[in-house]
Structures are given as structure tokens and as C-alpha cells.
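# Report on the structure
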Amino acid sequence: MRSTPPSKKTSDLSPARKTARRASNVAALAKAPASEVEASAPQPPSGVLERGLSILECFTEDRLRLKLRELAECTGLDKATLLRLLGVLVRARMVHRFDDGAYAPGPALLHMGMLYRRTFDIGTRLQPVLQEVMRQTGETVAFYVRDGDERVCLYRENSSNEVRHHVEVGARLKLSAGGSSSHVLRYFTGGSTPQAAAIARDGFAITREERVPQIASVAVPVFDSDGVFQGALVVIGIAQRQSAAAQRKAVQVAQQALVQQGFSSRPPRDWHR
């Protein structure tokens, strides 16, 4: 059997030099904190589709424009692979490339996002509910659905108050981060929450400065006319304005507005966790 000759790059190194290089690499990793090693060398996905998705997941509200170097650091992919995948994403309009070489989310993602929202035909009925609750409470009102371990804002009406909590459609937050809507979503989707007993008793969840300092919120579940749980409607405001009485009043306002549009904040009689 003929043996395959070593590559030129490998054969150029003597055994002593290769051993020294390996020892140097091991020593460098041993000296670096584990957090630095993990942060500087993320494991790239193995599948082509997963690699493309990992690029899209690098963009956040705080990182809307990224250079090739930043994408490489975020995904763990080499630049040659990145350029190839970015070329596909740019042609598909899922990523936009600026003249200075920076990349940003493309218009196709907005189109897909709109299609996602349209799958929830409740939007045309739910938006008036949010508007009415905001009008009566003066606070920001949002509607969240659960997506895995996160909650996603599908609809919102921001308060007209100069000092307010601002919510953006499409915002994603970890359920574990807290907030009244996260407790409602976890409770009505089979998850665990420290507010389970209160939600079962009262039908809503209240939090004060749990996720964000100086912010209070109250959330109620939203069920459609067929009894299917849709998500959580939350009223969010400055804690100083959100007394216990104001939060309970917001619950009543939300419940009445939901009924007027054919929804309910109470589970059907045969519902169980």
C-alpha cells in the first residue's frame, strides 16, 4: 500500500518544531481564563444552513452593522467561509452590504417578519385592544408570545408620556429574565414560575422592578374565542406611577377591552396545566 505523502505545510516543520508549537498552544490555552477561551473561539456550526443562520443571529438592536471581522468573532467561522455565505445571503436580500464593507439585516427579513405577524390573524382585533388600554391607563401596552425560552413582542402601543418604558415590535427577551408577561407565558404553556399560585388565584401577574429598575408591569393571559391560549398582554410603566391600585385597575381595563374584541383573559373551564 502506498502511503500518502505529508502536505508541504506539515513536512516543512521538523518534529522538534511541531512539538514546540503544540506545547506553546497548549500553554497559551492553559494560561487564559476559560471565559476568554470560550469567548474568543466560539464553535462554528457544522451544517451549511446552521452556519447561515448563525450569521443572522449575530445582529442585535445594539449591533445592527457588523464588519467581517466582527462576524467572524461572533460565529467562529473563517473569513473565506463567511464571505461565501454572506454572498448568498446578500443575493437573497437577507443581508445588506454597505459600501464601507459593513453588513446589516436585509429587507427580506422584514418581509418574512410581516408574514410571521400575518399568521396571527388576531392582530387586526388585538391592536385596538392595546390602543384602548393605553388610552385608559396612559402606559405602554404590549402583546408577547412564547418562542422557546424567549418571549417575542408582536404588537405594542407605546405610552405618550415623556417618561415611559419603550417597547419595540420584534423585541426578544429571555423568559428567565423575569417580568410579569414572562410569568404568564410560562404558567399557561406548562412552564414553572414562582407566581404560579398567584396567577391561578388572581388570573394575572404583577412585578415591580423585577427585570428593569424603576419599572413595574402587570400582565393578563389572552385566550381566543375557541379557548386557545394566544399570549400575554402586559401594561408597563414607571413604578412610581404604578401603584397596586393602578395595576389592578389596568387589569380590569385590559379584561374589558379584550372581551369587546372577542377575547378572554380567563381560561376555558376545561383548561388545565
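The coordinates are above.
In this text the structure is predicted, and so the values were computed from the model without any measurement. (Residues numbered from 1 in each chain as written. Predicted model: local features only at pLDDT ≥ 70, side-chain atom pairs only at ≥ 80, totals over all residues. Heavy atoms only, no water.)

Turning our eyes to something else, we now look at the side chain of Glu157. Here Glu157 shows up in strand E4 (residues 150-157). Of the side chains with opposite charge, Arg156 lies nearest to the buried Glu157, which makes no salt bridge, at 5.6 Å. A polar side-chain atom of Glu157 sits 2.9 Å from a polar atom in the side chain of Gln127. If sequence neighbours within four positions are ignored, Glu157 has contacts with Gln127, Leu130, Gln131, Met134, Glu139, Thr140 and Val141. (Helix = DSSP H or I, 4+ residues; strand = E, 2+ residues; numbered from the N terminus. Buried < 20%, exposed > 50% of the residue type's maximum accessible area, 1.4 Å probe, protein only. Lys, Arg positive; Asp, Glu negative; His and termini not counted. Salt bridge = Lys/Arg side-chain N within 4 Å of Asp/Glu carboxyl O. Polar contact = N/O pair within 3.5 Å; in protein donor to acceptor, adjacent residues only side chain to side chain. Contact = heavy atoms within 4.5 Å.)

Applying the stated criterion across every chain yields a total of nine salt bridges. Of the charged contacts, one joins Glu139 and Arg241 as a salt bridge, the two residues approaching to 2.9 Å between their closest N and O atoms. With Glu139 in the loop between helix H8 (123-137) and strand E3 (140-147) and Arg241 in the loop between strand E8 (229-238) and helix H11 (244-260), the pair connects residues that are 102 residues apart, well separated along the chain. Its salt-bridge partner being Arg201, residue Asp202 comes within 3.0 Å of it at the nearest N-O pair. A relative accessible area of 61% means that Arg201 is categorised as exposed. Within the structure, one salt-bridge network assembled from shared partners comprises Arg65, Lys67 and Asp100.

Under the defined criterion, the tally for this structure stands at one cavity of 30 Å³ or more. Of the volumes computed, that of the largest cavity is approximately 140 Å³. What lines the largest cavity is a set of 18 residues, among which Gly179, Arg211, Ile215, Ser217 and Ile236 lie closest to the centre. Listed by contribution, the elements that provide at least two residues to the lining of the largest cavity are helix H9 (180-188), strand E7 (215-223) and E8. At three residues, E7 tops the list of elements feeding residues into the lining of the largest cavity. For the lining of the largest cavity, the per-class residue count stands at eight nonpolar, six polar and four charged. (1 Å grid on protein atoms, 1.4 Å probe; cavity = no way out; pocket = protein on both sides within 12 Å on 5 of 7 lines; lining within 4 Å. Points joined across faces, edges and corners; volume = space filled by probe spheres on them. Nonpolar A, V, L, I, M, F, W, Y, C, P; charged D, E, K, R; others polar.)

So, on to the pairing of E7. Within E7, nine of the nine residues are buried, which leaves the element mostly enclosed by the surrounding structure. Judged from the four bridges that link them, strand E6 (residues 205-208) and E7 form a sheet pairing that is antiparallel. Bridging across to E7, Arg208 finds its partner in Ala216. The loop that links E6 with its antiparallel partner E7 comprises six residues; one of these, Glu209, has a positive phi angle of about 55 degrees. Where E7 and E8 come together, nine bridges link them in antiparallel fashion. When the bridges of E8 are listed, Pro221 appears paired with Ala232. (Pairing = 2+ DSSP bridges.)

It is worth spelling out the packing of helix H5 (residues 68-75) against helix H6 (residues 79-91) at this point. The N-to-C vectors of H5 and H6 enclose an angle of 105 degrees; their axes lie 10 Å apart at closest approach. Overall, the two elements H5 and H6 adopt an arrangement that is roughly perpendicular. For the pair H5 and H6, the contacting residues are Leu68, Arg69, Leu71, Ala72 and Thr75 in the first and Lys79, Leu82, Leu83 and Leu86 in the second. When its residues are assigned to classes, the contact of H5 with H6 shows six nonpolar, one polar and two charged. (Axes fitted to C-alpha atoms, helices over the stretch in contact; angles between N-to-C directions. Parallel < 35°, antiparallel > 145°, perpendicular 65-115°, else oblique.)

Before going further, it helps to spend a moment on the sheet that holds E4. A sheet is described by the order of its strands in space; here six strands give the open sequence E5-E4-E3-E8-E7-E6, paired in antiparallel fashion. Looking at the sheet topology across the chains shown, the edges are occupied by strand E5 (172-174) and E6. Neighbouring strand axes in the sheet, compared pairwise and without regard to direction, differ in orientation by 30 degrees on average. The strands that H8 touches are E3, E4 and E8; relative to E4, the one it contacts most, it runs at about 70 degrees. Seen against the sheet, H11 touches E6, E7 and E8 and runs at an angle of roughly 25 degrees to E7.

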